Amino acid sequence: MAKRALITGITGQDGSYLAEFLLARGYTVFGMVRRSSTETIQRIEAIKDQLTLLQGDLLDQASLVKVIEEAQPDEIYNLAAQSFVPTSWSQPVLTGQFTGLGVSRLLEAVRQVAPSAKFYQASSSEMFGKVREVPQTELTPFHPRSPYAVAKVYGHHITVNYRESYGLFAASGILFNHESPRRGLEFVTRKITDGVARIKLGLADELCLGNLDSQRDWGFAGDYVEAMWLMLQQETAGEYVIATGVTHSIRDFLDLAFGHVDLAWEEYVKQDRRYMRPAEVDQLIGDSSKAKRDLGWQPRVDFPSLVTMMVDADLARLGG
Ligand code: NAP
Ligand code: G4F
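Remember, predicted model here, so these are calculated numbers, not experimental data. (Residues numbered from 1 in each chain as written. Chains lettered and ligands numbered in written order. Predicted model: local features only at pLDDT ≥ 70, side-chain atom pairs only at ≥ 80, totals over all residues. Heavy atoms only, no water.)

**Thoughts on the site of ligand 1**
The condition is simple: Proximity is defined per residue: any heavy atom of the residue falling within 4 Å of a molecule or strand makes that residue near it. Two N or O atoms form a polar contact when they lie within 3.5 Å of each other; inside protein one atom must be a possible hydrogen donor and the other a possible acceptor, and for residues adjacent in sequence the pair counts only when both atoms belong to side chains. Throughout, the Shrake-Rupley method with a 1.4 Å probe supplies accessible areas, and for residues the shown protein chains are the sole cover considered. Strands are runs of DSSP state E lasting at least two residues, helices are runs of H or I lasting at least four, and both sets are numbered from the N terminus onward.
By nearness alone, 25 residues border ligand 1, and Thr 11, Asp 14, Arg 34, Ser 83 and Tyr 148 come closest of all. Between ligand 1 and the protein, one listed contact pairs an oxygen atom with a backbone N or O atom of Gly 9 at 3.4 Å. With respect to ligand 1, the side chain of Lys 152 contributes an N or O atom lying 2.9 Å from an oxygen atom. Burial of ligand 1 by the protein amounts to 89% of the accessible area it has alone, namely 910 Å². Counting residues per element, the ones that place at least two in the shell around ligand 1 are helix H1 (13-24), strand S5 (118-124) and helix H5 (147-166). For the shell around ligand 1, the leading source of residues is S5, giving 3 residues.

**So, the packing of helix H6 (residues 188-200) against helix H8 (residues 250-259)**
We count it as follows: For helices, the fitted axis covers only the stretch in contact; all axes are lines through C-alpha atoms, and the angles between them, taken along N-to-C directions, range from 0 to 180 degrees. Put simply, angles under 35 degrees are roughly parallel, angles over 145 are roughly antiparallel, angles from 65 to 115 are roughly perpendicular, and the rest are oblique. Definitions for this section: a left-handed crossing has its near helix turned counterclockwise from the far helix by less than a right angle. A right-handed crossing has that turn clockwise. Only heavy atoms enter the contact rule, under which two residues are in contact if any of them lie within 4.5 Å. Asp, Glu, Lys and Arg are counted as charged, while Ala, Val, Leu, Ile, Met, Phe, Trp, Tyr, Cys and Pro are counted as nonpolar; the rest, among them Gly, fall into the polar class.
Interaxial distance between H6 and H8 falls to 10 Å at its minimum, and their mutual angle equals 30°. Classed by the angle they form, the pair H6 and H8 counts as roughly parallel. Along this stretch, H6 crosses H8, giving a crossing that reads as right-handed. In this structure, H6 uses Val 188, Thr 189, Ile 192, Thr 193, Val 196 and Ile 199 to contact H8, whose residues at the interface are Ile 250, Phe 253, Leu 254, Ala 257 and Phe 258. Of the residues that constitute the contact of H6 with H8, the class distribution is 9 nonpolar, 2 polar and no charged.

Here it is in structure tokens:
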């Protein structure tokens, strides 16, 4: 019998790649979507006929119970969250409700309705924040630097707590930044590749950014959803850092993205205080040795290939 998977956040970047990955492995895939006045399913448009979409919201306990009753999942991937760090300062309470307490609500529903289902929580390298050691591992202490990161620390610990309290198979992936042509336009990588394409095609003449010095360990989202799945194929649940182990600055990203279309970024990029953050995460770099050893996982797409993939996709989308 085909395995059944439920994905919250299926309309997001990771949800769309994970849904494709699971369909290709013969899963019956259910996706939880929230009601909206306009359609939010662009990223899953091509596969929507192969999915069953169920209405639910992380704020609404009864809807979560109903979604799990209908899906009867073997595996549950909790990818839904308010995931944009700057918004977590302007909407800190809502971010805590979605990204933090939402995990409790979902775990409670799992405990009541499907206690034998395997559960994946989307934890984040933002939890390391003002980093205590370099590179960061599963044992590095957390020092969150935004309401988003604080909420993710809550989600992470409550996942461990439900495993220890109730014996649920509850795993947590501490994923470092991962990007793709499907990344939201407000995140820095996609903002840059969209900006490069617009400038190259004569649709824009400048790109306004914030802090150019921060460094991130950027991987490809398509590689990272495989790690989520591998975590749920193990005998026991655990925590895993998923990262490339290589870090780059925003300036490095700009060099490659503008260089790919033979432009010099210094002529187009302006710094704008509006995009500076009240507290910054300066440098992230992950050590995913445990995932390599226990899951057999490793990233396939390197940094230059990721950048050029994203620039080419935006050029094609905008008609270049
Ligand atoms: P994303 O593109 O922002 O997608 C977020 C998803 O959550 C969307 O499908 C959104 O639905 C849904 N959602 C938001 N609030 C909800 C609510 N109250 N009820 C139900 N659904 C809700 O995020 P992503 O990049 O795919 O990331 C997936 C997960 O991994 C997130 O939890 C994120 O915090 C975490 N994470 C991401 C990264 C990364 O680098 N991408 C790294 C570490 C961890 P709508 O379409 O309706 O808005
Ligand atoms: O692309 P970002 O907005 O991603 P950030 O804050 O690292 O968060 C992403 O990765 C996390 C994993 O570590 C996820 F948990 C989270 O959900 C999200 O997916 O910003 C990256 C860096 C920051 O240091 C920011 O200050 O880019 C810097 N930056 C500089 N100019 C900018 C801009 N970020 C944005 N969004 N927009 C700018 O104009």
